[in-house]
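Close look at the chain arrangement
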Amino acid sequence: MSRVTQMLLSNEANCCDVYSVVPIVGPGAVGKTSLAQHIYNEEAISSKFDIKMWVWVCQEFDVLKLSRKLAEEAMESPCDFADMNQMHRVITDRLKGKRFLLVLDDVWDESRDRWASLQVPLKCAARGSKIVVTTRSTKVAKMMALKMHQLGYLSDTNCWSVCQDAALRGRDPSIINDCLISIGKSVAARCKGLPLAANALGHVLSSAIDRNHWEAVEQSDLWNSEVVEQTLPALLVSYNSLQKHLKRCFSYCSLFPKGYLFRKDKLVRLWLAQGFVEADREHHAEDIACRYFDDLVDKFFLQKLPYNEERYLSLENTKIKCLPESISALFKLHSMNLKCCNNLSELPKGIRFLTNLRHLELPSMDDWKMCMPCGIGELINLQTIHVIKVGSDSDSCGIADLVNLNKLRGELCISGIENVTSTQITPEASIKNKGELRKLILHWSCIDSMFSDEATSVLDSLQPHPDLEELTIRGFSGVRFPLWLGNQYMLSLSILELKDCQNCKELPSLGRLPCLKHLSIKSLTSIKHVRRMISGHDKTNCSDYKSCTSRAFPTLETLKFADMDSWELWDEVEATDFPCLQHLTIMRCSKLSGLPNLQALQNLRIKTCENLLELPSFPSLQCIKIEGFWSVSQVLQLPIFSHIETLELSCHKKLVSVKKIQNPLLYSLRLKQKGLLHKVSRCQMLPFQNRFVQDSQRTWTFLRCAGRILECSCNFIAFTDLTFGQTNVHPSEVVTCEDVSFHTGQPEDGGLVSCKPGWVQMGQPEEVELVYID
């Protein structure tokens, strides 16, 4: 080791007067990688170089893949370039004028051309840079350098020393008596000078420091196995000594290719999914699986990375309340998962030092309780952070922290915007240049009408990138929405939610958004009048005036209004508007008295809208659900019900009367009551054909084409005066269930047909809740 260290500390260069190559040559399992690992992490070596890189090569010397690995090591971040020149440019920019240490581990390829191609971007570095190569091939070593460090086999004495250290595991050496030493030396001699085999064997011996166990190891039949390079017998002995559950877990790892980089948390989950882990009352299965993993590492079946990759850190779904400041030392950390850590009160101030962090997953906004420190903006490689909470004091995260976070992608919620002033939002701190964001939530955590003008100015300044696809504005306390929301600037916006914006008296001009498919408007309690949502400004600036005025909301598919306490009127909608609208939901809008005629509407849901007693015909409507009506009988007499296929009623009054529904298309009728539904009578106006009637606890099915009426799962329900009219069903074909009777209503048909005489009616007469279909 000292010889290699001396070679690395020298300023000698053998390639373009820039760097020299130090090959470490030796047979498999002789300790080449372990030696390189010790050197790589040695303080004297680390302090000499500006940049350290480790690339595992193996048998496939793919220059493109190796260049990508080299670029990622140099930048300490992912590289998604597919072009070789781009990757070389990145490596060159990073290494220019700097002294690097590069370890190429396990090189097999003897091609000079591929080796020369890999070297191209390295020649810009400072003199004194070094490349350490571990290889089994002396030909590879001679191709790369004139001098090499040859690793030979250990002597039997050294093998026993390695084996003894592993067996003791830090315990007092005196526990190994002379008899055990004799057995141990005999066993160590069978390791053929391979330190890996000696180390593994020592762990086998460590499980019981007694003569019986050690003699059993010495006399194992596995020592007589005929295997390549005499490496595996010691390892087979070690494997054979594993407990059954560890054997099973380790064997599973053979499904992955050689050199595969396991992440502990993912491998543990795979073991759990395969049922390899047996939990007990005192420990979680995940904790037990983690112990399995550690056991395999301790026994050298799994090898730790030779460099400090760091660790991915997941604390998901734990009860942790705070993170230690020492976490800032994990400067190579790429991902930190804190999802569902709902007790977490704050992030450490030193998080700003995790400059390689790319993914920071935090609890959802609904569970948000933590303080976010200033300095988040220094995480310039950050791609994922779902929530940024802006504070009111100098120690908290501010809107200025957005300046350098231009790699953000996916989803972002900016919470605490009530703490932001418009003067703090510089062009650099805006989100207009965050082109990789696809979903944005702007959240005012508290509503204060005194600052509504400032809130309006702030929202004006938070104009997103035009490629944004989803937008939620929640808790906005201003009186008007910004112009950028109501024009064609938001070309890609497909989902929009406006929620708890209680001071706004008018909706923005959303009718021209070309890709808007889903719109939700909830708790805008000052809105009284909803119009076309197309302003004159939109018409004037449109190149094709006729196209501009032809239709509003050209791509909208779903529309939802909820909790609009002041909403009274929705008008000015033209026949060509909403050409794609299929689903409309109106909930808890108590003052609304009418709806526009929406030509394409197929599904309508109305809940707790007591004054909505007039409905247009809706020519394309197929399904309607009505909940919580006071005067449902009046609504159900409207012409709209003559052509729908599905009707669902959920009402809360004791008497619900459904009269004069003459609909040959009705496919499904669902009746839901808070109490039991006790009686259905006089159904002659509903020609049920493959129909069913359902309440909250039972389903009644009527089959005409099958030539019979089938009723099931409806005990304690009475059907009376059921008129068959022109159907082909006869009383003798009626199939009934227990405690149910049917009366055909036609005297000449023979009267009552039932499994039991009479008909059943539950409760006292004055308590019965009736649904009549007359």
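Our structure's up above, just so we're on the same page.
Because the structure is a prediction, the values reported are computed rather than measured.

As for the overall build of the protein chain
Across its full length, the protein chain holds 19 helices and 31 strands. Here the protein chain, with 774 residues, has 48% of them falling under the buried criterion. In the structure as shown, the protein chain presents an accessible area of about 36800 Å², 49% of it carried by carbon and sulfur atoms.

A look at the sheet that holds strand 9 (residues 384-385)
One open sheet holds the four strands; their spatial order is 6-7-8-9, and the pairing between them is parallel. Edge positions in the sheet fall to strand 6 (313-314) and strand 9, since each of these pairs with one other strand and no more.

Topic: the packing of aromatic side chains
Applying the stated criterion to the full structure yields 13 aromatic pairs. In this structure an aromatic cluster arises from ring pairing among Phe553, Phe561, Trp567, Trp570 and Phe578.

Describing the side chain of Ser137
Mapped onto the secondary structure, Ser137 falls in the loop between strand 4 (129-135) and helix 7 (138-144). Residue class for Ser137 comes out buried when judged on its relative accessible area of 15%. Reaching out from Ser137, the side chain makes a polar contact with the backbone nitrogen of Lys139 at a distance of 3.2 Å. Setting aside anything within four residues of it in sequence, one finds Ser137 in contact with Val25 and Glu110.

Let's talk about the environment of Gln502
Relative to the helices and strands, Gln502 is located in the loop between strand 14 (495-499) and strand 15 (518-522). The partly exposed category is assigned to Gln502, whose relative accessible area is 34%. Taking the C-alpha atoms as reference, Gln502 lies 4.8 Å from Leu524; in sequence the two are 22 residues apart.

So, the pairing of strand 1 (residues 19-25)
Burial analysis of strand 1 places seven of its seven residues in the buried class, the great majority of the element. Judged by which residues are buried, strand 1 turns out to be covered on both faces: Tyr19, Val21, Pro23 and Val25 on one side and Ser20, Val22 and Ile24 on the other are all buried. In this sheet, strand 4 lies alongside strand 1 in parallel orientation, the contact comprising seven bridges. Note that in strand 4 the partner of Ser20 across the bridge is Lys130.

Brief notes about the environment of Arg358
Along the polypeptide, Arg358 turns up in the loop between strand 7 (335-337) and strand 8 (359-361). Each C-alpha atom, one on Arg358 and one on Thr384, is 6.4 Å from the other, the two residues being 26 residues apart in sequence.

A short note on the pattern of salt bridges
Going through the model one piece at a time under the given rule, you end up with 13 salt bridges. Across the salt bridge formed by Arg438 and Glu469, the nearest N and O atoms sit 3.8 Å from each other. Of this pair, Arg438 sits in strand 12 (residues 437-443) while Glu469 sits in the loop between helix 16 (452-461) and strand 13 (470-474), and the two are 31 residues apart along the sequence. Here Asp563 ties to Arg588 by a salt bridge, and the two come within 2.6 Å at their closest N and O atoms. Note that Asp563 is positioned in the loop between strand 17 (558-562) and strand 18 (569-570) and Arg588 in the loop between strand 19 (583-587) and strand 20 (603-607), a separation of 25 residues in sequence. Of the residues examined, Asp563 reaches a relative accessible area of 17% and is grouped as buried.

Here's the deal with unusual backbone geometry
Outside of glycine, negative phi angles account for most residues, and trans bonds account for most peptide bonds. Look at Asn317: it is not a glycine, yet its phi comes out positive at around 65°. Within the secondary structure, Asn317 is located in the loop between strand 6 and strand 7. Positive phi, normally seen in glycine, also occurs at Phe553, with a value near 55°. Note that Phe553 resides in the loop between helix 18 (545-550) and strand 17. With a relative accessible area of 2%, Phe553 lands in the buried category.

So, the sheet that holds strand 1
Pairing is parallel in the open sheet, where five strands are placed in the order 2-3-4-1-5. Two strands in the sheet have a free side with no partner beyond their single neighbour: strand 2 (51-58) and strand 5 (149-150). Where strand 3 (residues 100-107) meets strand 4, five bridges bridge the pair, whose relative direction is parallel. Directly across from Leu101, in strand 4, lies its bridge partner Lys130. Strands strand 1, strand 3, strand 4 and strand 5 of the sheet are contacted by helix 1 (residues 2-9), whose axis makes an angle of about 165° with strand 1. Taken strand by strand, helix 4 (residues 63-75) contacts strand 2 and strand 3, and its axis lies near 155° from that of strand 2.

Observations concerning the packing of helix 8 (residues 156-168) against helix 9 (residues 178-189)
Two numbers describe how helix 8 lies on helix 9: the axes approach to 8 Å, and their chain directions differ by 115°. Between helix 8 and helix 9, the interaxial angle falls into the category roughly perpendicular. Considering only the axes of helix 8 and helix 9, their crossing is right-handed. Counted together, Asp156, Cys159, Trp160 and Cys163 of helix 8 and Ile181, Gly184, Lys185, Ala188 and Ala189 of helix 9 form the full contact between these two elements. In terms of residue class, the contact of helix 8 with helix 9 is made up of six nonpolar, one polar and two charged.

Overview of helix 1
By the burial criterion, the buried members of helix 1 are Val4, Thr5, Met7 and Leu8. Taken end-on, helix 1 shows its buried residues confined to a sector of 160°, consistent with a single buried face. Exposed residues lying more than 90 degrees from the buried face of helix 1 are Ser2 and Gln6. Of the surrounding elements, those touching the buried residues of helix 1 are strand 1, helix 2 (32-41), helix 3 (43-46), strand 3, strand 4 and strand 5.

As for the packing of helix 10 (residues 195-206) against helix 11 (residues 211-218)
Where helix 10 meets helix 11, the closest approach of the two axes is 9 Å, and the angle between their N-to-C directions is 145°. Along the contact surface, helix 10 presents Leu201, Val204 and Leu205, while helix 11 presents His213, Trp214 and Val217. Tallied by class, residues from the contact of helix 10 with helix 11 come to five nonpolar, one polar and no charged.

Description of the nonpolar core
Among the nonpolar cores identified, the biggest contains 96 residues, and Phe561 and Trp570 are the most heavily contacted of them. Among all residues touching Trp570, those that are not within four sequence positions of it are Val530, Arg531, Leu559, Phe561, Phe578, Leu584, Ile586, Leu592, Gly594, Leu595, Pro596 and Leu598. Counting residues in each nonpolar core, the second largest holds 38 residues, with Val22, Val30, Leu101 and Leu168 among its members.

Focus: the side chain of Ser566
With respect to the helices and strands, Ser566 occurs in the loop between strand 17 and strand 18. According to the relative accessible area criterion, Ser566 is buried, its value standing at 16%. For Ser566, the contacting residues outside a window of four places in its chain are Thr525, Ser526, Ile527, Lys528 and Lys591.

With respect to the pairing of strand 17
The pairing of strand 15 with strand 17 spans five bridges and is parallel. Bridging from a neighbouring strand, Ser520 pairs with Lys560 of strand 17. Summarising the sheet, strand 17 and strand 19 pair through five bridges and their orientation is parallel. Residue pairing across strands places Leu559 opposite Leu584, the latter belonging to strand 19.

What counts and what doesn't
- Residues numbered from 1 in each chain as written.
- Predicted model: local features only at pLDDT ≥ 70, side-chain atom pairs only at ≥ 80, totals over all residues.
- Heavy atoms only, no water.
- Helix = DSSP H or I, 4+ residues; strand = E, 2+ residues; numbered from the N terminus.
- Buried < 20%, exposed > 50% of the residue type's maximum accessible area, 1.4 Å probe, protein only.
- Areas by Shrake-Rupley, 256 points an atom, 1.4 Å probe, with all protein chains shown as cover.
- Pairing = 2+ DSSP bridges.
- Phe/Tyr/Trp six-rings, centres within 6.5 Å; stacked < 30°, edge-to-face > 60°.
- Polar contact = N/O pair within 3.5 Å; in protein donor to acceptor, adjacent residues only side chain to side chain.
- Contact = heavy atoms within 4.5 Å.
- Salt bridge = Lys/Arg side-chain N within 4 Å of Asp/Glu carboxyl O.
- Axes fitted to C-alpha atoms, helices over the stretch in contact; angles between N-to-C directions.
- Parallel < 35°, antiparallel > 145°, perpendicular 65-115°, else oblique.
- Left-handed = near helix turned anticlockwise from the far one by under 90°.
- Nonpolar A, V, L, I, M, F, W, Y, C, P; charged D, E, K, R; others polar.
- Arc of directions from axis to C-beta.
- Core = buried A, V, L, I, M, F, W, Y, C linked by side-chain atoms within 4.5 Å.

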